[in-house]
Amino acid sequence: MGRNLWYKVLGALIILVAVVLWLLSIVVPETFGFFSLAWAGVVLCGGLGLVMLLNGCFQKNISTIKKLKIWFGIALIVCAFLCLISELAIQGSLVIPIIAIIITVGLLITIIATGGAKWDEGDNHKSGYKNYHERKAEEEKNDQEESK
C-alpha cells in the first residue's frame, strides 16, 4: 500500500459523509433538516482542507510540493469558513481578521513543515559538493593511479 492511500481514503470518506448527510437532510427533513448545502460545503472544504494540510505536513517530498499542498489545504479551509459565514451569519467585521489568522497559521505551518528550505536549494549548497571540473580532475587522478 502506498503512503498516499490513507489520505485518499480519508478524503473519500469525508466526501461520502457530506453527501450522505445532505441526502438525509432531503429524505428525512425532520431529523436532518438542519444540514444544508452550506453545511455540506463546510464539511467538504474543511475536511479536505485538513487532509491536504496533513498530507503536506507529513509527506516526504520536495519543499515546493509540500508548500503547494499546505496552501491548497489552507485555501480549502478558508472556503469552509466562508460557507460557515453564510450558514451562521457571522458579523462582517470578524470575517477578514479570521481569514487573516487562517492564512498566517498556514504560513507558520509551511515554514515549520519545510524547515524553511528554499525551493531552489540544490546540490551545490551541500557541504562537500564538487563542481564538474573538480570531479573531472579527481576522476583523471584516479585513472592515473589505477594505470600505474
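Conventions adopted
Numbers given to residues run from 1 along each chain, matching the order in which its sequence is written. For a predicted model such as this one, the threshold for reporting local features is a pLDDT of at least 70, and the threshold for listing and counting side-chain atom pairs is 80 or more; totals across whole chains, interfaces and linings nevertheless cover every residue. The basis for every side-chain value is the complete set of heavy atoms in the structure, and neither hydrogens nor water enter the calculation. Only DSSP runs of H or I with at least four residues qualify as helices, and only runs of E with at least two residues qualify as strands; both kinds are numbered from the N terminus onward. Our radius of gyration is a C-alpha quantity, and the globule rule it is checked against amounts to 2.2 Å times the number of residues to the power 0.38. The axes are straight lines fitted to the C-alpha atoms, using for helices just the contacting stretch, and the angles between their N-to-C directions are given from 0 to 180°. An angle below 35 degrees is read as roughly parallel, one above 145 as roughly antiparallel, one from 65 to 115 as roughly perpendicular, and any other as oblique. Should the near helix be turned counterclockwise from the far one by less than a right angle, the crossing is left-handed, whereas a clockwise turn marks it as right-handed. Each residue receives one of three labels: charged for Asp, Glu, Lys and Arg, nonpolar for Ala, Val, Leu, Ile, Met, Phe, Trp, Tyr, Cys and Pro, and polar for the others, Gly being one of them. Contact between two residues is taken to exist if any of their heavy atoms lie within 4.5 Å; hydrogens are not considered. For each residue, the accessible area found with a 1.4 Å probe, counting protein chains only, is set against the maximum for its type, and the residue is called buried under 20%, exposed over 50%, and partly exposed in between. In these notes, a set of buried Ala, Val, Leu, Ile, Met, Phe, Trp, Tyr and Cys residues joined through side-chain atoms within 4.5 Å is what counts as a nonpolar core. In this scheme, patches are assembled from residues that exceed 30% relative accessible area and form no salt bridge. Like charges are connected within 9 Å, while nonpolar side chains (Val, Leu, Ile, Met, Phe, Trp, Tyr) are connected within 5 Å. Shrake-Rupley sampling with a 1.4 Å probe provides the accessible areas, and residues are treated as covered by the protein chains on show and by no other component. Salt bridges are counted wherever a side-chain nitrogen of Lys or Arg sits within 4 Å of a carboxyl oxygen of Asp or Glu. Residues scored as positive are Lys and Arg, those scored as negative are Asp and Glu, and His as well as the terminal groups of each chain are ignored. The location of each charge is read from NZ of Lys, CZ of Arg, CG of Asp or CD of Glu.

1. Examining the overall build of the protein chain
So, step 1. Regarding its fold elements, the protein chain presents six helices and zero strands.
So, step 2. Taken from the N to the C terminus, the helices and strands of the protein chain come in the order α-α-α-α-α-α.
So, step 3. Expected size for 148 residues packed as a compact globule is a radius of gyration near 15 Å; at 24 Å, the protein chain overshoots this value by more than 25%.
So, step 4. For the protein chain, the C-alpha atoms occupy an extent of roughly 90 × 40 × 15 Å along the three principal directions.

2. Overview of the packing of helix 3 (residues 37-58) against helix 4 (residues 63-88)
So, step 1. Between helix 3 and helix 4, whose axes approach to 7 Å, the crossing angle comes to 160 degrees. With respect to helix 4, the element helix 3 is oriented roughly antiparallel. Note on packing geometry: the crossing formed by helix 3 with helix 4 is left-handed.
So, step 2. When grouped by side-chain class, the residues that make up the contact of helix 3 with helix 4 number 19 nonpolar, seven polar and three charged.

3. Concerning the packing of helix 1 (residues 5-27) against helix 3
So, step 1. Axis separation between helix 1 and helix 3 bottoms out at 9 Å; the angle between their running directions is 175 degrees. Compared by their axis directions, helix 1 and helix 3 come out roughly antiparallel. Where helix 1 approaches helix 3, its residues Tyr 7, Leu 10, Gly 11, Ile 14, Ile 15, Ala 18 and Trp 22 are matched on the opposing element by Leu 37, Ala 40, Val 43, Leu 44, Gly 47, Leu 48, Val 51, Leu 54, Asn 55 and Phe 58.
So, step 2. Of the residues assigned to the contact of helix 1 with helix 3, the class counts are 14 nonpolar, three polar and no charged.

4. Digging into the environment of Ala 18
So, step 1. Here Ala 18 shows up in helix 1.
So, step 2. In this structure Ala 18 comes out as buried when scored by relative accessible area, which is 1%.
So, step 3. As for Ala 18 and Glu 146, which are separated by 128 residues in sequence, their C-alpha atoms are 69 Å apart.
So, step 4. Ignoring anything within four residues of it in the chain, the contact list for Ala 18 reads Phe 35, Ala 40, Val 43 and Leu 44.

5. Observations regarding the nonpolar core
So, step 1. Ranked by size, the top nonpolar core spans eleven residues in total: Leu 53, Ile 70, Ile 74, Ile 77, Val 78, Phe 81, Ile 85, Val 95, Ile 99, Ile 102 and Ala 113.
So, step 2. With six residues, helix 4 is the largest single contributor of residues to this core.
So, step 3. When sequence neighbours within four positions are dropped, the list of residues in contact with Leu 53 reads Lys 69, Ile 70, Gly 73, Ile 74, Ile 77 and Ile 109.

6. Examining the side chain of Asn 55
So, step 1. Relative to the helices and strands, Asn 55 resides in helix 3.
So, step 2. Among the residues examined, Asn 55 registers a relative accessible area of 8% and is labelled buried.
So, step 3. The contact partners of Asn 55, leaving out residues within four places of it in the chain, are Asn 4, Tyr 7 and Lys 69.

7. Re a negative patch on the surface
So, step 1. Residues Glu 139, Glu 140, Asp 143, Glu 145 and Glu 146 make up a contiguous surface patch of negative charge.
So, step 2. With respect to the helices and strands, the residue Asp 143 is situated in helix 6 (residues 132-147).

8. Concerning a nonpolar patch on the surface
So, step 1. On the surface, Leu 5, Val 9, Leu 13, Leu 16 and Val 20 cluster together into a nonpolar patch covering about 380 Å² of accessible area.
So, step 2. Along the chain, Val 9 falls in helix 1.
So, step 3. Val 9 sits in the partly exposed class, given a relative accessible area of 35%.

This is a description of form; function is not addressed.
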